[in-house]
Amino acid sequence: MTTSPFDLTGKIAIVTGANTGIGQAIAVALAAAGADVACVGRTPAEETVAEIRALGRNAEVISADLSTIEPVGRVVDETVAKLGGLDILVNNAGIIRRADAVDFTEEDWDAVVDTNLKSVFFLCQAAGRHMIAHGGGKIINIASMLTFQGGIRVPSYTASKSGIGGLTKLLANEWASKNINVNAIAPGYIATNNTAALQADEARNKSILDRIPAARWGDADDLGGAAVFLASNAAKYVQGHILAVDGGWLAR
Ligand code: NAP
């Protein structure tokens with residue numbers, strides 16, 4: 001029997017922000033493809049762990065507030081101790097703050113950049129050290145349409161997600177020769193807590209929908225296949241790529 005190139009049996013993944021939204025959907029999709037998953041975040045991902053165990057895979061909750069880099073080393077160590085290794089890192093946890101650029105505060109700048117960019121880099125570093133020492137791995141960062149576009153009223157979010165694009169390419173350049181694939185997924189407009197304010201704003205909701213060729217908001221589940229692909233052997237020669245899963249938004 002030939003094994004599917006998308007098979008993740010025996011692989012061990014970290015997914016940050018796995019209790020809800022895109023992170024939860026990606027954690028379950030990786031498990032459905034065969035991976036065991038460390039569900040990392042500040043709200044315990046009990047529901048996600050239960051779903052993964054129901055699929056017959058192993059899963060553990062790892063508590064970590066990624067607004068600082070304090071927990072990054074422990075997250076990797078606990079994953080290895082509880083699940084037996086680390087092959088896949090999905091940097092999904094993220095926040096957004098909205099205000100006009102002229103009113104934007106330092107607190108809203110630091111909170112978003114620290115969580116969405118600084119902690120992502122240092123978790124990549126901690127995971128990368130383990131992967132280099134153990135023959136390789138896969139890193140998937142969650143980018144955004146604002147990795148490519150400017151957006152409006154979200155200056156620190158745009159800066160952080162544009163930074164994710166550059167960081168993903170830099171790490172691919174340094175680590176491709178070490179058998180580590182570093183790529184990103186850029187979700188389009190996905191119906192989660194992160195976009196609740198946009199969905200609730202009738203005018204913004206309409207203007208967003210009018211621009212999406214698929215004519216609907218994405219579901220978190222729409223991201224699962226892209227994550228499985230980038231985490232799998234099928235993507236072994238894919239490096240530094242930012243894969244848009246956006247219902248055609250960027251094609252418009
Ligand atoms: P969400 O439902 O708000 O989920 C965000 C996740 O990040 C939650 O699990 C949250 O945990 C976690 N998180 C936030 N701050 C954290 C911290 N300090 N420490 C640990 N975990 C933290 O939003 P989502 O839409 O699924 O977003 C997931 C990722 O996709 C984010 O990076 C976001 O920027 C990106 N994204 C989303 C969209 C979209 O349209 N929804 C589009 C492009 C990119 P808590 O539940 O404890 O807060």
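Rules used in this analysis
- Residues numbered from 1 in each chain as written.
- Predicted model: local features only at pLDDT ≥ 70, side-chain atom pairs only at ≥ 80, totals over all residues.
- Heavy atoms only, no water.
- Pairing = 2+ DSSP bridges.
- Helix = DSSP H or I, 4+ residues; strand = E, 2+ residues; numbered from the N terminus.
- Right-handed = clockwise from strand over helix to strand, strands pointing away.
- 1 Å grid on protein atoms, 1.4 Å probe; cavity = no way out; pocket = protein on both sides within 12 Å on 5 of 7 lines; lining within 4 Å.
- Points joined across faces, edges and corners; volume = space filled by probe spheres on them.
- Near = heavy atom within 4 Å.
- Polar contact = N/O pair within 3.5 Å; in protein donor to acceptor, adjacent residues only side chain to side chain.
- Areas by Shrake-Rupley, 256 points an atom, 1.4 Å probe, with all protein chains shown as cover.
- Phe/Tyr/Trp six-rings, centres within 6.5 Å; stacked < 30°, edge-to-face > 60°.
- Buried < 20%, exposed > 50% of the residue type's maximum accessible area, 1.4 Å probe, protein only.
- Lys NZ or Arg CZ within 6 Å of the ring centre and 35° of its normal.
- Core = buried A, V, L, I, M, F, W, Y, C linked by side-chain atoms within 4.5 Å.
- Nonpolar A, V, L, I, M, F, W, Y, C, P; charged D, E, K, R; others polar.
- Salt bridge = Lys/Arg side-chain N within 4 Å of Asp/Glu carboxyl O.

1. Quick look at the pairing of strand β3 (residues 59–63)
The side chains of a regular strand alternate, residue by residue, between the two faces of the sheet.
Thought 1: Where strand β2 (residues 36–41) meets β3, five bridges bridge the pair, whose relative direction is parallel. Paired with A38 across the bridge in β3 is E60.
Thought 2: Between β2 and its parallel partner β3, the chain crosses via helix α2 (residues 46–54), and the hand of that crossover is right-handed.

2. Focus on the layout of surface pockets
Thought 1: Its boundaries defined by the atoms lining it, the largest pocket holds a volume of some 1,000 Å³.
Thought 2: Taken together, 46 residues line the largest pocket, and the ones lying closest to its centre are G94, I95, I96, T192 and N194.
Thought 3: Going through the elements one at a time, α1 (21–32), α4 (106–133), α5 (155–175) and α6 (196–200) are the ones with two or more residues in the lining of the largest pocket.
Thought 4: Sort the elements by how many residues they give to the lining of the largest pocket and α4 lands first, with four residues.

3. What about the site of the ligand?
Thought 1: Among the 28 residues in the neighbourhood of the ligand, the closest are listed as N19, T43, N92, Y157 and T192.
Thought 2: The backbone of I22 places a nitrogen or oxygen atom 2.8 Å from an oxygen atom of the ligand.
Thought 3: Between K161 and the ligand, the recorded distance is 2.9 Å, taken from a side-chain N or O atom to an oxygen atom.
Thought 4: Alone, the ligand offers 890 Å² of accessible surface; in the complex the protein occludes 92% of this.

4. A few points about the packing of aromatic side chains
Thought 1: Counting across every chain of the model gives four aromatic pairs.
Thought 2: Judged by centre distance (4.8 Å) and plane angle (75 degrees), the rings of F121 and F122 are edge-to-face.
Thought 3: Between Y189 and W249 the ring centres are 4.6 Å apart and the planes differ by 45 degrees, which places this aromatic pair in the tilted class. In this pair, Y189 is assigned in the loop between β6 (180–187) and α6 and W249 in the segment after β7 (242–245), connecting sequence segments 60 residues apart. Pair check on accessibility: Y189 and W249 agree, each one buried.
Thought 4: Grouped by ring-pair contacts, the aromatic residues Y189, W217 and W249 constitute a single cluster.
Thought 5: Positioned above the aromatic ring of W249 is the side chain of R211, whose terminal nitrogen or guanidinium carbon lies 4.1 Å from the ring centre.

5. Describing the nonpolar core
Thought 1: Within the largest apolar cluster, 38 residues are counted, with the highest numbers of intra-cluster contacts made by V40, L89, I139 and Y189.
Thought 2: Contributions of two or more residues to this core are made by β1 (12–16), β2, α3 (72–83), α4, α5 and β6.
Thought 3: Ranked by residues supplied to this core, first place goes to α4 with six residues.
Thought 4: Membership of the second largest hydrophobic core comes to 36 residues, among which are A33, V37, A231 and V245.

6. A few points about empty space enclosed by the protein
Thought 1: For the coordinates displayed, the defined rule picks out one cavity of 30 Å³ or more.
Thought 2: Within this model, the largest cavity holds a volume of roughly 40 Å³.
Thought 3: In this structure, the largest cavity is lined by T16, L66, N91, A93, T115, S119, V120 and L123.
Thought 4: By residue class, the composition of the lining of the largest cavity is four nonpolar, four polar and no charged.

7. Notes on the pattern of salt bridges
Once the charged atoms of two side chains with opposite charge are near each other, the side chains can pair.
Thought 1: Using the criterion set out here, one finds nine salt bridges in the structure.
Thought 2: The salt bridge partner of R97 is D108, with a shortest N-O separation of 2.7 Å. You can see R97 sitting in the loop between β4 (88–91) and α4 and its partner D108 sitting in helix α4, a full 11 residues away along the chain.
Thought 3: When its relative accessible area of 15% is taken as the criterion, D108 is described as buried.
Thought 4: Here the salt bridges do not stand alone but share partners, grouping R74, E78 and K82 into one network.

8. Comments concerning unusual backbone geometry
Thought 1: Despite not being glycine, N179 shows a phi value in the positive range, around 65 degrees.
Thought 2: Within the element layout of this structure, N179 appears in the loop between α5 and β6.
Thought 3: The exposure class assigned to N179 is partly exposed, which follows from its relative accessible area of 49%.
Thought 4: For A215, which is not glycine, the phi torsion reads 60 degrees and is therefore positive.
Thought 5: Note that A215 resides in the loop between α7 (202–211) and α8 (224–231).

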